[in-house]
Every structure is written in structure tokens, then in C-alpha cells.
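One letter stands for each residue in the lines below.
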Amino acid sequence: MQASTEPATHAQRVNIELGERSYPIAIGAALLDDAATWVDLPRTASALIVTNTTVGPLYLQRLQAALQPRHKAVFTVVLPDGEAHKNWQTLNLIFDALLENECDRKTILYALGGGVVGDMTGFAAASYMRGVPFVQVATTLLAQVDSSVGGKTAINHPLGKNMIGAFYQPLLVVCDLDTLKTLPARELSAGLAEIIKYGPIADMAFLDWIENNLGALLAREPAALAHAVKRSCEIKAWVVGQDERESGIRAILNFGHTFGHAIESGLGYGEWLHGEAVGCGMVMAAHLSQRLGLIDMTLVERLTKVIHKAGLPVKGPRLGADRYLELMRVDKKTDAGELRFVLIDKPGSAVMRGAPQALVREVIEQCCAA
Ligand code: NAD
Ligand code: GLY
């Protein structure tokens, strides 16, 4: 039909500039069914859409119909849903589908879902036949503002979060804001955690904006969501463009993640959502920054308040300081056994550095629920 082939004029674009691995992020409403969304992708014989048992019934048919004109065959694989399934066994289901359908090196993988589907599909794309193209079709707020962008792909190991993976960039990221209408409220809040993160590490004016527009974001007002997704992607693009493989500045995107990953793996994957653990982890990292004399209590209190108002926990689970420390040692930032944290060194700026263990213990005791 004529309307569906017209350019998606309502889509905004943010570009990730990585030389030959550069790609656009398309942000807007009704992008899924719009032929213009997909028009720049190669027309290959086959494609495989990877989704899960929750997202599949909502959006798989629509995506398949949109892609059908571009590929002779559009295969699908539906994974079990949840962080607890982000592992080798589930990853293998993607390889099974690729091999059973005789997919070749030109087959495009489409990740339709949140960060779990995106991270696993990306890792499958990085390793199938030593690398096939893939596209991120992000359907959670968290995936639209963070996980689909920047090419980190991974699965979890029982001993550590996202420990097995690869840097592998997609051809395109699609953020159809309409898909957020079906997102459970708890998942929306989880996405807000990663949006809030960009304020203290890079852009205090964005933190002001988030504080002033939190009600609109929680009410899913389209203009507010569009701005939050776009500004988050711009900041992430700015960081990733300087340091694709995290040898320096990219680490600031892990603000709150050292504590957060310990919470996720300590409680068992899926017990707390990733965004919830990051939200609480940011409160803990802010306290550590304050204890080290880098920032004053005003910013710690301000961050705690906005995280709480976003519907996220601000007190950590009581795992015990020893257990936290043990879990935090399995962190990609650990250097020769020394824990390192992303800390706020001044409002709108972050650094990575070590901290005395006694101080970290005190922060854990202070920030965990009684
Ligand atoms: P998720 O992928 O588990 O999605 C959350 C839940 O929402 C799931 O139950 C999912 O099925 C459901 N869902 C997805 N889209 C929906 C929709 N439109 N309507 C209704 N339900 C929907 O979780 P997430 O929060 O998107 O992602 C978290 C994962 O992302 C973690 O594994 C984390 O490690 C990873 N992550 C990766 C990066 C990265 O840079 N690669 C960054 C941040 C987080
Ligand atoms: N979410 C952290 C990163 O992409 O580096």
C-alpha cells in the first residue's frame, strides 16, 4: 500500500559513528510496519527473527510481514522469556534454528525484544559462521535507551553476569515507541534507571529534565518518551563513538553496575530486574563517591529521590558485605584482583577508580535493607 512505502518522516535518527561499523538508530512511532524503516538493509535470501514467548505473540507477525518483501524466507525462533534463560542452552536454540534452516553468511538476524533477546541474538550473530549481520528491534525502554546500542553482546554465567560475549555492532537499531505501550510498569521503571544514569555521568541538564518530566515518562507520554530515548541514545553514541571496546571512557556507562551486577547474580538472575539492580547500585555508588569526598550529600539525596520516584528500589538486598565483595570481584572492571568502581567525581562527570575495602563495606551496610 502506498502509505507504508513512504519515508518514515516521523522517525528521528541518531547515528553511531564507528567508521565502517557506523549505523543509525531510528526512533519514532509506528516504525515496525513502515517499509521505510527497513529500506536501507541488504535484501538477502533469508532472515531469522529471534524473539521470546512474551514479545512474539505481540509483535512477531507484524515484523515478519514487514520483512517478507525484503527476504525470500523469514524464519523465526521463539526463546523462553527471562534473564534466567540468558545462557548457553537458550543461545543454542538460535544456532539450531540457523542450521536447521540452512542459513548462510548473508542471513540477517533480527532481535525482536528487550535486552535479553538483544544481547543473545547479538552474540549468536557475532559467532554464527564467524559473524553474520544483525538488527536490533528494541521493544523495552531499557533496550531502546541502552542495551540495543553500542554492540555489547553476552550471556550470563552462573558465577557472573554478562561474562561471556563479544563486541559486535548491529546494522541498524529500531526503537518503535509504540511497542512501549504494552510494557509492564515494572519494566518501564527498569528502563528509567538507565535513563537516569546518563544525567550524573554526562549531562546534568538532562537530569533536571528527567526530574521535571518523571510524571510524563511514567504516564508514557509520547513526546516525553521520544525525548528521553533520543537524548539517551545521543549520550551513549557520544561515549561509544570515542571508545567502542571500553578501554577508557565507555566504562562510565557502568555507573551503578558493579553493585547492581552483584545484586542480580547474588539473588539469582531474574529476581531483581537489571534496571532495578542498576538503580539501587547507583545509589550505592553515589554514597561511595560521597564517602571518598568526590561529591556532596546534595547530589546523593537528589539521585536517591529521583530513583525512588521512578519506582525503583533504593535499598539493596541484605546479602552481607562479604558476599557482595565476593560477587563484585567477578566484574569485568576488576584489575589484578582489585575492585574498581565507576564514581561521580563531579556532577555530570564520572571516573573509574578503586576504593578502600573498609569504605565499600560501610557503604554496603548503610545501603542495604534492615
Ligand atoms: P528483558 O529483555 O528481560 O525484557 C523485560 C521483559 O519485558 C521481558 O519479560 C520481556 O519479554 C518483556 N517485553 C519486552 N518487550 C515488551 C513489550 N513491548 N511489551 C511487553 N513486554 C515486553 O529485559 P531488559 O530490561 O530489556 O534488558 C535487560 C538485559 O539487558 C539484561 O540482561 C542486561 O544485562 C542487558 N543489558 C545489556 C546492555 C548492553 O549494552 N548490551 C546494556 C544494559 C543492559
Ligand atoms: N551498558 C554499558 C555499555 O554499553 O557500555
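Residues numbered from 1 in each chain as written. Chains lettered and ligands numbered in written order. Predicted model: local features only at pLDDT ≥ 70, side-chain atom pairs only at ≥ 80, totals over all residues. Heavy atoms only, no water.

Chemist: Break down the sheet that holds strand 2 (residues 23-28) for me, citing the residues and quoting the values.
Modeler: Taking strand neighbours across the sheet as the criterion, the seven strands line up as 1-2-9-6-5-3-4 in an open arrangement whose pairing is mixed. Only two strands of the sheet have a single neighbouring strand rather than two, namely strand 1 (12-16) and strand 4 (73-79). The average undirected angle you get between the axes of adjacent strands in this sheet is 15°. Packed onto the sheet, helix 4 (residues 88-100) meets strand 3 (46-52), strand 4 and strand 5 (108-113) and runs at close to 160° relative to strand 4. (Pairing = 2+ DSSP bridges. Helix = DSSP H or I, 4+ residues; strand = E, 2+ residues; numbered from the N terminus. Axes fitted to C-alpha atoms, helices over the stretch in contact; angles between N-to-C directions. Contact = heavy atoms within 4.5 Å.)

Chemist: An account of the site of ligand 2 is needed here, citing residue identities and associated values.
Modeler: Every residue near ligand 2 is listed here: Asp146, Lys152, Lys236, Glu246, Arg250, Leu253 and Asn254. Contact distances for ligand 2 include 2.8 Å between an oxygen atom and a side-chain N or O atom of arginine 250. Within the complex, 90% of the 200 Å² of free accessible area of ligand 2 lies under protein. (Near = heavy atom within 4 Å. Polar contact = N/O pair within 3.5 Å; in protein donor to acceptor, adjacent residues only side chain to side chain. Areas by Shrake-Rupley, 256 points an atom, 1.4 Å probe, with all protein chains shown as cover.)

Chemist: Tell me about the nonpolar core, and please be specific about residues and values.
Modeler: Taken as a class, soluble globular proteins show a tendency for nonpolar side chains to be buried jointly. Residues Leu141, Met284 and Met328 are the most contacted members of the largest nonpolar core, which totals 81 residues. By residue number, the principal contributor to this core is helix 9 (residues 222-242), which donates ten residues. Residues in contact with leucine 141, not counting those within four places in the same chain, are Leu180, Leu183, Leu188, Gly191, Leu192, Ile195, Leu225 and Val229. With 22 residues, the next largest nonpolar core counts Leu79, Leu91, Met120 and Val132 among its residues. (Core = buried A, V, L, I, M, F, W, Y, C linked by side-chain atoms within 4.5 Å. Buried < 20%, exposed > 50% of the residue type's maximum accessible area, 1.4 Å probe, protein only.)

Chemist: Provide a residue-level description of the site of ligand 1, including the pertinent values.
Modeler: The local shell around ligand 1 holds 28 residues, among which Asp81, Glu83, Thr139, Thr140 and Thr182 are the closest. Threonine 140 places a polar side-chain atom, nitrogen or oxygen, 2.6 Å from an oxygen atom of ligand 1. Across the shell around ligand 1, the residue classes tally to seven nonpolar, eleven polar and ten charged. (Nonpolar A, V, L, I, M, F, W, Y, C, P; charged D, E, K, R; others polar.)

Chemist: Which residues make up helix 11 (residues 274-291), and what are the values?
Modeler: End to end, helix 11 covers 25 Å across 18 residues, agreeing with the expected 26 Å (1.5 Å per residue, within 8%). Of all 18 residues in helix 11, 16 are buried; the element is thus mostly enclosed. Phi for glycine 293, located one or two positions after helix 11, is positive at around 80°. (Expected span 1.5 Å × (residues − 1).)

Chemist: Account for the pattern of salt bridges, with residues named and values stated.
Modeler: If charged atoms from side chains of opposite charge come close, those side chains can pair. For the structure on display, the rule yields 20 salt bridges. The partner of lysine 152 in a salt bridge is glutamate 246, and the shortest N-O contact between them spans 2.5 Å. One end of the pair, lysine 152, is in strand 7 (residues 152-157); the other, glutamate 246, is in the loop between helix 9 and helix 10 (257-267), and 94 residues separate them in sequence. A residue is classified by how much of its surface remains accessible, and glutamate 246, at 22% relative accessible area, is partly exposed. With a shortest N-O distance of 3.0 Å, glutamate 365 and arginine 318 are connected by a salt bridge. Remark: arginine 318 occurs in the loop between helix 12 (297-309) and helix 13 (321-329) and glutamate 365 occurs in helix 14 (residues 357-367); sequence separation between them is 47 residues. Classification of glutamate 365 by relative accessible area gives partly exposed; the value is 41%. Residue classification places arginine 318 among the partly exposed residues on the basis of a relative accessible area of 49%. Here the salt bridges do not stand alone but share partners, grouping Asp146, Glu194, Lys197 and Lys236 into one network. (Salt bridge = Lys/Arg side-chain N within 4 Å of Asp/Glu carboxyl O.)

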